[in-house]
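Residue strings, one per chain:
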Amino acid sequence: MTQKNDLLAGFPRAQLMFGTTPLERLDRLSEELKIDLWLKRDDLTGLGFGGNKTRQLEFYFGDALAQGADTILITGAVQSNYVRSAAAAAARLGMKSVLQLEERVPNMGPDYYKSGNVLLSKILGAEHMSYPVGEDEAGADAALHARAEELKAQGRKPYVIHLGLNHPPLGALGYVAAGQELCEQMQDFDAVVVPSGSGATHGGLLTGIVLSGVPARVYGVCVRRNGEKQRDRISIVLQKLANLLGIDAACLLAKIDVWDGALAPGYGKLGTKTQSALKRMAQSEGIFLDPVYSAKTFAGLLDLISEEQITSGQKIVMVHTGGLPALFGYESELAENFRFSSPITDID
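Since we're looking at a predicted model, the values are computed, not measured.

Rules used in this analysis
Residues numbered from 1 in each chain as written. Predicted model: local features only at pLDDT ≥ 70, side-chain atom pairs only at ≥ 80, totals over all residues. Heavy atoms only, no water. Salt bridge = Lys/Arg side-chain N within 4 Å of Asp/Glu carboxyl O. Helix = DSSP H or I, 4+ residues; strand = E, 2+ residues; numbered from the N terminus. Contact = heavy atoms within 4.5 Å. Phe/Tyr/Trp six-rings, centres within 6.5 Å; stacked < 30°, edge-to-face > 60°. Buried < 20%, exposed > 50% of the residue type's maximum accessible area, 1.4 Å probe, protein only. Lys NZ or Arg CZ within 6 Å of the ring centre and 35° of its normal. Pairing = 2+ DSSP bridges. Axes fitted to C-alpha atoms, helices over the stretch in contact; angles between N-to-C directions.

What follows deals with the pattern of salt bridges. Counted according to the given criterion, the structure contains 21 salt bridges. The salt bridge involving Arg224 is made with Glu135; its shortest N-O contact spans 3.2 Å. One end of the pair, Arg224, is in the loop between strand 8 (217-222) and helix 9 (227-245); the other, Glu135, is in the loop between strand 5 (127-131) and helix 6 (137-153), and 89 residues separate them in sequence. Note that Asp257 is salt-bridged to Arg217, the shortest N-O span being 2.9 Å. Taken together, the positions of Asp257 in strand 9 (residues 257-259) and Arg217 in strand 8 put the pair 40 residues apart, joining distant regions of the chain. Overlapping salt bridges, with partners in common, bring together Lys40, Asp42, Arg55 and Glu181 in one network.

The next point concerns the side chain of Glu137. Within the fold, Glu137 resides in helix 6. Dropping the residues within four chain positions of it, Glu137 is found in contact with Leu163, Gly164, Leu165, Arg224, Arg225 and Arg233.

The final tally for this structure, using the stated rule, is three aromatic pairs. Plain terms: the ring middles of Tyr112 and Tyr113 are 5.3 Å apart, the flat faces sit at 85° to each other, and that makes the pair edge-to-face. Among the residues examined, Tyr113 registers a relative accessible area of 34% and is labelled partly exposed. An aromatic cluster is built from Tyr112, Tyr113 and Tyr330, whose rings are joined through pairwise contacts. The ring centre of Tyr267 lies 5.1 Å from the NZ or CZ of Arg104, which sits over that ring. Lying over the aromatic face of Tyr267, Arg224 brings its terminal NZ or CZ to 5.7 Å of the ring centre.

The six strands are arranged 1-2-10-7-8-9 in an open sheet whose pairing can be described as mixed. Single-partner strands in this sheet number two, and they are strand 1 (23-25) and strand 9. In this sheet, neighbouring strand axes are inclined to one another by 30° on average, regardless of whether the strands run parallel or antiparallel. Two elements, strand 1 and strand 2 (residues 36-41), share three bridges in a ladder whose sense is antiparallel. Its bridge partner lying in strand 2, Arg25 is registered against Trp38.

Structural data, given as structure tokens:
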């Protein structure tokens, strides 16, 4: 089944990407893990510290501009890379951004609320509002629509990017394109490992790879929900995405793979596996991972190797989804694992 970008041609798209992102071999980790490990560097998408959300936002902003919108409204966790990227895209395109921050991660330190993506979003000039619940997508969407009505009364033209599954997953189209891009760079890989949260990145990537005719497995590492719940969510995303593209979903639904072995202790929380994976990537390859998505993804990859789902000699691609500003919001949580051996004032 080979179909190219013509499937995406009918969807309006704002140009936010710098271009094709690199595919880099990780030589030291390949030797250590006895696999052929490659990193798809979607941390290098460019705009506003980069990350995977840039790909998704190209289609949401394309739709917003086609409708004549001048204001974008979006919800995410306090340290959301998505809302920071949306604020950067809005600034690039001369639009206003309204960011609704959910209380999705409990018991966090003060850095979480003022550093990292929060600070960057303020620098970008975004308006902030808060939502007190972290698992109420319908309620969060309703709150954005209420703010949108206020903005309409002020003469603005708002556009809401929804959290809930009752809306077309336009953002997933960005990862259909990414899957096709990856398959143009390399076709002989055995599997891809990608974070699985909202489902847009995982579902879109799977679709792009299947449409490119590459038989590789796509493992979605759960970053927010357990495997059973995430499988159900991906099924819905894939069905809605297939409807958007006018294709049969059956070939996609048969290829769902999720892995929740690195999820604990939950979304946005740094378990032992996540911290160890973050440290290993940095100290083996000099590449930073973020604590919420990419470090959990690498931890999941290591789990898949230990459980022999990924076996010796296989060629594996891991998608680095970026999100590095969140590292600074997690300073308190990371401090115990990365203490200085002597006071910093003593370092020349």
